[in-house]
2 protein chains.
Amino acid sequence: MTAPLHEAHPAGPGRALPDTQQGMRRRNLARVMHTVSAEGPLSRAAVASRIGLTRAAVSTLVDELIRSGLLEELGPERPGRVGRPGSALAVSGRGPAGIGAEIGVDHLAACAVDLRGEIRARAVRHGVNRGRSPEPVLAELTALVRQVVAEADAEGLWPAGLAVAVPGLVARDGRTVVRAPNLDWHDIDLGALLPAELPPTVDNEANFGGLAELWLGETTPRDFLHVSAEIGIGAAVVVDGRLLRGTRGFAGELGHVPVRPDGPECACGGRGCLEQYAGEEAVLRAAGIEPGVDRVGLLATRAADGDEAVRRALHDAGTAFGIALTGAVNLLDPQLVVLGGALSGLAPWLLPSLEAELARRTAGPACPVSVSRLGPEGPLLGAAHSVVRAVLDDPAAVAERAGDIVAEQA
Amino acid sequence: MTAPLHEAHPAGPGRALPDTQQGMRRRNLARVMHTVSAEGPLSRAAVASRIGLTRAAVSTLVDELIRSGLLEELGPERPGRVGRPGSALAVSGRGPAGIGAEIGVDHLAACAVDLRGEIRARAVRHGVNRGRSPEPVLAELTALVRQVVAEADAEGLWPAGLAVAVPGLVARDGRTVVRAPNLDWHDIDLGALLPAELPPTVDNEANFGGLAELWLGETTPRDFLHVSAEIGIGAAVVVDGRLLRGTRGFAGELGHVPVRPDGPECACGGRGCLEQYAGEEAVLRAAGIEPGVDRVGLLATRAADGDEAVRRALHDAGTAFGIALTGAVNLLDPQLVVLGGALSGLAPWLLPSLEAELARRTAGPACPVSVSRLGPEGPLLGAAHSVVRAVLDDPAAVAERAGDIVAEQA
DNA sequence: CTAATTTGTAAACCGCCATGACGAAATAGT
DNA sequence: ACTATTTCGTCATGGCGGTTTACAAATTAG
C-alpha cells in the first residue's frame, strides 16, 4: 500500500484503469456506505433515492454489506409518514476500526475509532520525545497501539489499518519521515518500525489535522486552508474535499513562506520566513516567556491576564500570519481559513491583527477566518478517521478481510 | 453548462451520482478516445491492452466511435512483428472541432482545433481594446468566431463548443468577467454577448495558458505552476492534472502575493505585491522605457543589447518573482514552475535572479523552473483544446449531436 | 374498514463486458 | 513452397449488475 489509505480509489479522467462491472459494484457499495455514514440511519428506499439507484439494486448492495458486517439493520423506523415504514440501516459499531496514532514532541497517543466515528479506545503517554532516537519511541508507540487494539478487540472491533501522525515532513510513500526538526529525526522509515501486523500509513500531523477538520468540522467547506502550529507552522491545503500533498508530499509548508524577504535568517536557508515571526520560539521570545515547561500554556495564561508584552507578541505574530495568508489566499482562493491546533487557543489575540492584515491586503471581501473546535486531538482523530474513510471508500476490499475474521472466530 | 467543459465528468469519492452500466460505457468510450488521442494510431488490440478491457469489448466501443465519426480506421498496419497486423485507429480529422477565442488588450483572436489537435482555422484582429465597452469588442470577436467556424465547416468540421480566454478574473459560472483591469471591464456577462448558437465557456487567460502547457507541453508534469504576465501577473495552479480554480474562481493571483509587506501601495489595497516589482508597468518604469507602442518588445530588444538599466530592472523583477514563488512552492510543492506568455521571452534575464532567490530560500533541492515553448498563443490554444478535451472526456455526449449533424447533411 | 401510499423483495429483462473459439493475415522454420 | 506459429478482429455464449414490473407487507387517511 503505497498511496495513503484514504486515496485508495483516486478517480479521475487521468487514470487508465479498466471500468468493469466489478468496479461498478465496488463503487456502488462505497456509495451506500458513504450515504448511510453521512446521513444517519436511513432506509433502503432513502438510500436508493439519494444515490440514484433503484430500491432493488440497493437491496442487494445492502445485503452484501450486512453480510460483511459493515452495515446493521436497526429495525423498523417509527415514522409519522404514510406508507410502510422502512427498516433503518446504520453503519456497524462492530467490525473494522481505524487505529490512529500520534507522535508528538512531548507525548504519544493512540486511539481506535469505529465506522460510526465513535472513539472506542484510547491511550496516551506523556514524556519528552525531542532528541530521542526513533527506535525506543516507536517501540513505546507500538505498545500503545497494541493496547488500543486489544481494547477494541474486546468490543468486537478489529483493526482495519493504522495511520500515524508525525510532526514533520513525510514523503509521498506514506512511511518515510524526511525531516522532523523538533524530534531531530531525518529520513526514518517508520513503516519498518511499526507493528508489522497492521499496514501503516504515516503523514504529517498538519495534514491529518486538516482532514479531521474536513471530516469532523461542523461547517467546514470542501475548499479551505487549515493552519496549525504545533511545532513548526504547517498548513493543510484542502481542495474540493481532497488533501493537496504536493509532488514530494511537502505541500503546506506555510512556515517558510517569506514574510519579510530581508528578515532574520531561518534554518531553511531563507530569510524572514513566517516562522521567524509567528513560530513558537519566536513568539515565546518576543513575549518574554522564560524557559520551562508548558511555555505555550503560560503564554495563553498571560495573554488572558493582559500581559502587554505577550499581547504585543501575539499581535505581531497575527500580522505576520496575515501577510503570509494573503499570499496563500491569493494563490488558492479558499472558502475559509481555519486556525487549528495550538493556534485555536491563542486565537483571541491572534485573530484581530491577522484578519485586519488580510482584509487590508485584499480587494473585495476578505477570506473568512475561523477557529477549529477540535482542539489538540485533531491530528490523532484525523489519522484514525483516515482509516475509517478508506473502509467507506472501498468496503469490498475490507469485506474480504472481514470474512476471514468471521471465519477465524467461528 | 455551468461547469467548465473539460470538467464535464468530475469524478471522485465526493460525487453521489449513480454508477450504472450506461455510465460505465460512457467512461470506457472516453478511455478509448483518450488512449488513441494520446498514443497515436493504435490497433484495437493495442487499445485493449492499454485500458485493460478485452479486444471484443474494445471492438464494440470502437465501432460506436467510428459510427459517430470520432474515430477513423486508417487501414492495416505495416509491422515487422509476427501475427496478423492490426487495423490502425486514429482520432478523426473531421467531425467536432474546438473553437477557441482570446480577448487581449490589443488584439482579438479565434481558432479552430480538430480532435487531433491540429489548428485548422484561425483569425486575428489587432487593435487596442483597452477601455472599449464590451459590446463592440464582443461583436468583433463574434465575427471572428463565425469566420473561423465557416472555415472549419468548409473542411468538414462542426463546432463542439467555444471557449474564450480573457485577461481578467472570471467567476466560477464560466461566463462572468468579474474584473478585467486592463480592459476596464467589471461584472460583464460575456455569455450573453457571445454567439448564441455555441455554448460558450469563459476563463482567465492564465488558466488557459496553464492548461495549454499541461496538454501540449513536451515534458510538463501533472503538478506544476504556470506563471504568465500578459497583463497582470497570473498563475495557473495545476494539481494532479487538474486546474485549481478556487472557490470563486480567483485562484492563481500570484501578482498580489506580498513580496515586501511595507512596499509601495497596490491597487488591490495591499502593499508590496509582486506586481509592484515585476508587473509590466513597474518593470517598464524601472527600465526607463518611455511610453509608446510595444514597450515589452522594446524591453526585450534593449535587454538583448545589454542595456544596463533594463537588465537591472529584469534582475530585480526576477528577484521579486523568486520571493513570491518561494511562498507558492512552499505551499504547493509543485514538480515544476513554468514561465509562460510574455515572460518566456524575457526569461534569459529573469531566470538567473529568480532561480538564485528560489534556491537560496529553499532547504534541499529547489523546485526547477522552466520556460514555456508555446509562445504567446498558449491561452488561445488552451481555450480551443479545452473544448477538444471535453469531447474526449465524454464522446457519447457529442456522438448524439454528431448524429444530428450527419442527419442534417443527409 | 377500505383506499392510498410507501417499503422491501422476487422474477424477468436488458446492457455490458468476459470467455472461448474461429477465420484472417502476417512471420518463422523446414 | 509449405506448414506452424503468432496476433488480430469478430462472433456466440455466458455471467454479472442494475432496471423494470409485480406483489405482499405495513402504515396513514378518510
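Provided above is the structure to which this section pertains.
No experiment lies behind these values; they were computed from the predicted model shown.

Draft legend 1. Representation of the protein's contact with DNA strand C in the model. Near DNA strand C you find 26 residues, and of these A:Arg84, A:Ser87, B:Gln21, B:Arg25 and B:Arg84 are the closest. For DNA strand C, the backbone portion of the atoms within 4 Å of the protein, that is sugar and phosphate, comes to 65%. A distance of 2.8 Å is found between a phosphate oxygen of DNA strand C and a backbone nitrogen or oxygen belonging to A:Ala45. Of all the elements in the fold, those that place two or more residues in the surface near DNA strand C are helix H2 (44-51) and helix H3 (55-67) of chain A together with helix H1 (21-38) and helix H3 (55-67) of chain B.

Draft legend 2. Spatial organisation of the sheet that holds strand E12 (residues 234-239) of chain B. Residues and elements named next belong to chain B. Here we have five strands laid out as an open sheet, ordered E13-E12-E11-E14-E15, and mixed in their pairing. For this open sheet the edge positions go to strand E13 (242-244) and strand E15 (369-371), each flanked by a neighbour on one side alone. Neighbour to neighbour, the strand axes of the sheet diverge by 30° on average, direction disregarded. Bridge count between strand E14 (residues 336-339) and E15: three bridges; the pairing is parallel. Directly across from valine 337, in E15, lies its bridge partner valine 369. Across the face of the sheet, helix H11 (residues 342-360) comes into contact with strand E11 (224-228), E14 and E15 while running at roughly 175° to E15.

Draft legend 3. Main features of the relation of the copies chain B and chain A. Superposing chain B onto chain A takes a rotation of 180° plus a shift of 0.0 Å along the axis, which leaves an RMSD of 0.1 Å. What the superposition gives is, in effect, a two-fold axis relating one chain to the other. Taken as a fraction of all interface residues of chain B, those also at the interface in chain A reach 100%, which identifies the copy contact as same-surface.

Draft legend 4. Looking closely at the protein's contact with DNA strand D. Around DNA strand D, 27 residues are found, and the nearest of them are A:Gln21, A:Arg25, A:Thr54, B:Ser59 and B:Ser87. Put simply, 64% of the atoms of DNA strand D that lie within 4 Å of the protein are in sugar or phosphate. Contacts to DNA strand D include B:Gln21, whose side-chain N or O atom sits 2.7 Å from a base nitrogen. B:Ser87 is positioned with one of its backbone polar atoms (N or O) 2.6 Å from a phosphate oxygen of DNA strand D. Where the surface near DNA strand D is concerned, the elements lending two or more residues are helix H1 (21-38) and H3 of chain A together with helix H2 (44-51) and H3 of chain B. Sort the elements by how many residues they give to the surface near DNA strand D and H1(A) lands first, with four residues. Partitioning the surface near DNA strand D into residue classes produces eleven nonpolar, ten polar and six charged.

Draft legend 5. Fine view of unusual backbone geometry. Of note in the backbone geometry, A:Asp240 takes a positive phi value of approximately 55° without being a glycine. By secondary structure assignment, the location of A:Asp240 is in the loop between strand E12 (234-239) and strand E13 (242-244). Although it is not a glycine, B:Asp184 sits at a positive phi angle of roughly 65°. Mapped onto the secondary structure, B:Asp184 falls in the loop between strand E8 (176-180) and strand E9 (185-189).

Draft legend 6. Expanded view of the interface of chain B and chain A. On the chain A side, the residues contacting the 64 residues of chain B number 64 residues. Summed over both partners, the interface of chain B with chain A comes to about 5,000 Å²; 52% of that surface belongs to carbon and sulfur atoms. Where chain B packs against chain A, one counts eight salt bridges. Between the two partners, chain B and chain A, sit 32 residue pairs in polar contact (both at pLDDT 80 or more). Those elements giving two or more residues to the side of chain B that touches chain A turn out to be H1, H2, E12, E13 and helix H10 (308-332) of chain B. The element contributing the most residues to the side of chain B that touches chain A is H10(B), with seven residues. Class assignment of the residues belonging to the side of chain B that touches chain A gives a composition of 26 nonpolar, 18 polar and 20 charged.

Draft legend 7. How the structure looks around H11(B). All names here are of chain B. For H11, with 19 residues, the first-to-last C-alpha span of 25 Å sits near the 27 Å given by 1.5 Å per residue. At proline 348, H11 shows its maximal kink, close to 75°. Buried residues belonging to H11 abut E11, helix H9 (295-305), H10, E14 and E15.

Quick notes on the rules
- Residues numbered from 1 in each chain as written.
- Chains lettered and ligands numbered in written order.
- Predicted model: local features only at pLDDT ≥ 70, side-chain atom pairs only at ≥ 80, totals over all residues.
- Heavy atoms only, no water.
- Near = heavy atom within 4 Å.
- Polar contact = N/O pair within 3.5 Å; in protein donor to acceptor, adjacent residues only side chain to side chain.
- Helix = DSSP H or I, 4+ residues; strand = E, 2+ residues; numbered from the N terminus.
- Pairing = 2+ DSSP bridges.
- Axes fitted to C-alpha atoms, helices over the stretch in contact; angles between N-to-C directions.
- Contact = heavy atoms within 4.5 Å.
- Least-squares fit on C-alpha atoms with pLDDT ≥ 70 in both.
- Nonpolar A, V, L, I, M, F, W, Y, C, P; charged D, E, K, R; others polar.
- Buried area = accessible area lost by both parts, 1.4 Å probe.
- Salt bridge = Lys/Arg side-chain N within 4 Å of Asp/Glu carboxyl O.
- Expected span 1.5 Å × (residues − 1).
- Bend = angle between axes of the 7 residues up to and from the residue.

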